[in-house]
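Chain and residue survey
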Amino acid sequence: MAPLSQSLDNRAASAGTAVLGAGPAGLTAAYVLAKRGAPATVFEADGLVGGIAKTVEFKGYRFDLGGHRFFTKLGPIARLWEEVLGDELLTRPRLSRIYYGGKYFYYPLEARNVVRQLGLVESVRCALSFFAATLRRDRPVETFEDWVTARFGRRLYERFFRTYTEKVWGIPGSEVRAEWAAQRIKDFSFWHAVTTLLHLQRSTITTLIEEFQYPRLGPGQMWDAFRARVEERGVDVRVNQPCLAVTHDGGRVERVTIKTNGDTTEYAVDGVISTMALSDLVECLDPPAPDAVRAAARRLRYRDLCLVALILDEDEPFPDNWVYIHDPGTRAGRVQNFGAWSESLVVPGTTCLGVEYFCFEGDDIWDLPHDEAVQLATDELAGIGLIDPARVADGVKIRVPKAYPMYDGTFREDVAVIRGYLETFENLKTCGRNGLHRYNNQDHSMWTAILATLNLVDGTEYDVWSVNTEAEYHEEGEAVESALAAEVAGALA
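What comes next concerns the included structure. Just so you know, these numbers come straight off a predicted model, no measurement behind them.

According to the stated counting rule, one finds 27 aromatic pairs in the structure shown. A centroid spacing of 5.2 Å and a plane angle of 45 degrees characterise the contact between F43 and Y267, whose relative ring orientation is tilted. Of this pair, F43 sits in strand β2 (residues 40-43) while Y267 sits in strand β12 (residues 263-268); the two residues are 224 residues apart in sequence, bridging distant segments of the chain. One exposure class covers both F43 and Y267, and it is buried. Between F105 and F160, the aromatic rings sit 4.8 Å apart at their centres with planes inclined by 75 degrees, giving edge-to-face as the arrangement. Of the two residues, F105 is situated in strand β7 (residues 103-106) and F160 in helix α6 (residues 154-169); the sequence distance between them amounts to 55 residues. Looking at F105, the relative accessible area reads 1%, which means it is buried. Among the aromatic residues, those joined into a ring-pair cluster are Y107, Y164, W169, W180, Y324, F358, Y404 and Y439.

Next comes the structure, spelled out in structure tokens:
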């Protein structure tokens, strides 16, 4: 990085509130600032807005970096999506399944489907394992493996959770913290399985599970629309402008240093809302953070992603929106079928599949040349019978750094150290997935941005760090924070 003194000749006018990052959280923060009439500037390191939820275009196809479902139980967020995108926000039927042992299982797991696909003998074994686990639920639960085994039993853990989880994180399930499971997994009971199989009670699947919303042209369409909205209200969104330094004094951020076309420019700021990865934010602080805080930041880990988009000359190789691949002999972890998300993403009569490889930067798949990655994805999907390799007409590989904040053995303590230090700044707030080092979906990332922005501009004290800590949220929980939802809705009016 160039010395900060070199930026003095390039000093610009105040940026107002600097929003670092133009993903869902950063653009939502900018939206609130714009509605409040607060001067602000958004700085985004990438060339596109949307972060990991951007839409990539390739030879007339549009594809999503992971499949971003627009699903929420937070009323203000749902209304905001509708307000910004209107009729371009489609309602789509959902079908997602797990591929394991040559068979498909519905996801979220449905007890009746699991029993039917596993067969009677294995289902009985899983049931006995499940009931044995219920007798040991008073044991301490610290890891993903502990959490799932306690609720599903060892046999179901081995069949439905171990392989995929270890693909995602690259470490054993015994090293992934329980918070990951509590946020992401739907529970079910074998008693419910037995009674539904015998038709003694009806299986219930809510509409929220059966369908979701999705922008017609992919998730990037939503964030392009957010960008247009905030720029209409005077908030500039600047891409290809990473933040190099956050200069502070006496507990206040005074300036940010931004790289622009190879040069550096300092901007005076009223405050900062950061969606940068916590590790990067800490390294940007000038003067440097205390040694203990920097050490904690260096210990934070992230899982990266390579997406290989395959273009096929057929319109529906399989009906699912996406398929989780739990087959241990297949390196790919998940496959998106973009034509099933929106027909407008693909050329008529063809489709595009997104084959996801979870990895660390520097792994062989990360460095694998483009053509070899396309061939690998083709061979793997053909090997499990998902596609006919002769129908693959083209493809491209996309690298996605820092896709997922890791819930490893020390993350909880390290985040607490970093949080404690950052809270000493009166005009610096963090939010979003990487800004909190929490694997939130879009709606909760946006929710944290709204609360963080209100804390900055209004002096409120909402606990941004507690959002989405309830274990019951994802597809089965009760509506959350209704009183606060009304308050935030008023702030956005």
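Okay, the sheet that holds strand β18 (residues 351-359) next. The seven strands lie next to each other as β7-β6-β16-β17-β18-β15-β19, forming an open sheet whose pairing is mixed. With one partner strand each, in any of the chains shown, β7 and β19 (392-405) form the two edges of the open sheet. Here the average twist between neighbouring strands, direction ignored, is 25 degrees. As judged from the four bridges shared by strand β6 (residues 96-100) and strand β16 (residues 322-325), these two strands associate in the parallel manner. Each bridged residue has a counterpart across the sheet, and for R97 the counterpart in β16 is V323.

Under the counting rule described, the total for this entry stands at 32 salt bridges. We note a salt bridge from E122 to R125, for which the minimum N-O separation is 3.8 Å. Within this pair, E122 and its partner R125 are both found in helix α4 (residues 120-134), separated by three residues, close to a single helical turn. Overall, the relative accessible area of 45% leaves R125 in the partly exposed class. Two residues, R162 and E166, come together in a salt bridge whose shortest N-O distance is 3.4 Å. Of this pair, R162 and E166 both sit in helix α6, four residues apart, roughly one helical turn. For R162, a relative accessible area of 24% gives the class partly exposed. The class of E166 is partly exposed, set by a relative accessible area of 25%.

Parameters and conventions
- Residues numbered from 1 in each chain as written.
- Predicted model: local features only at pLDDT ≥ 70, side-chain atom pairs only at ≥ 80, totals over all residues.
- Heavy atoms only, no water.
- Phe/Tyr/Trp six-rings, centres within 6.5 Å; stacked < 30°, edge-to-face > 60°.
- Helix = DSSP H or I, 4+ residues; strand = E, 2+ residues; numbered from the N terminus.
- Buried < 20%, exposed > 50% of the residue type's maximum accessible area, 1.4 Å probe, protein only.
- Pairing = 2+ DSSP bridges.
- Axes fitted to C-alpha atoms, helices over the stretch in contact; angles between N-to-C directions.
- Salt bridge = Lys/Arg side-chain N within 4 Å of Asp/Glu carboxyl O.

Read these as layout, nothing more, since geometry by itself doesn't imply function.
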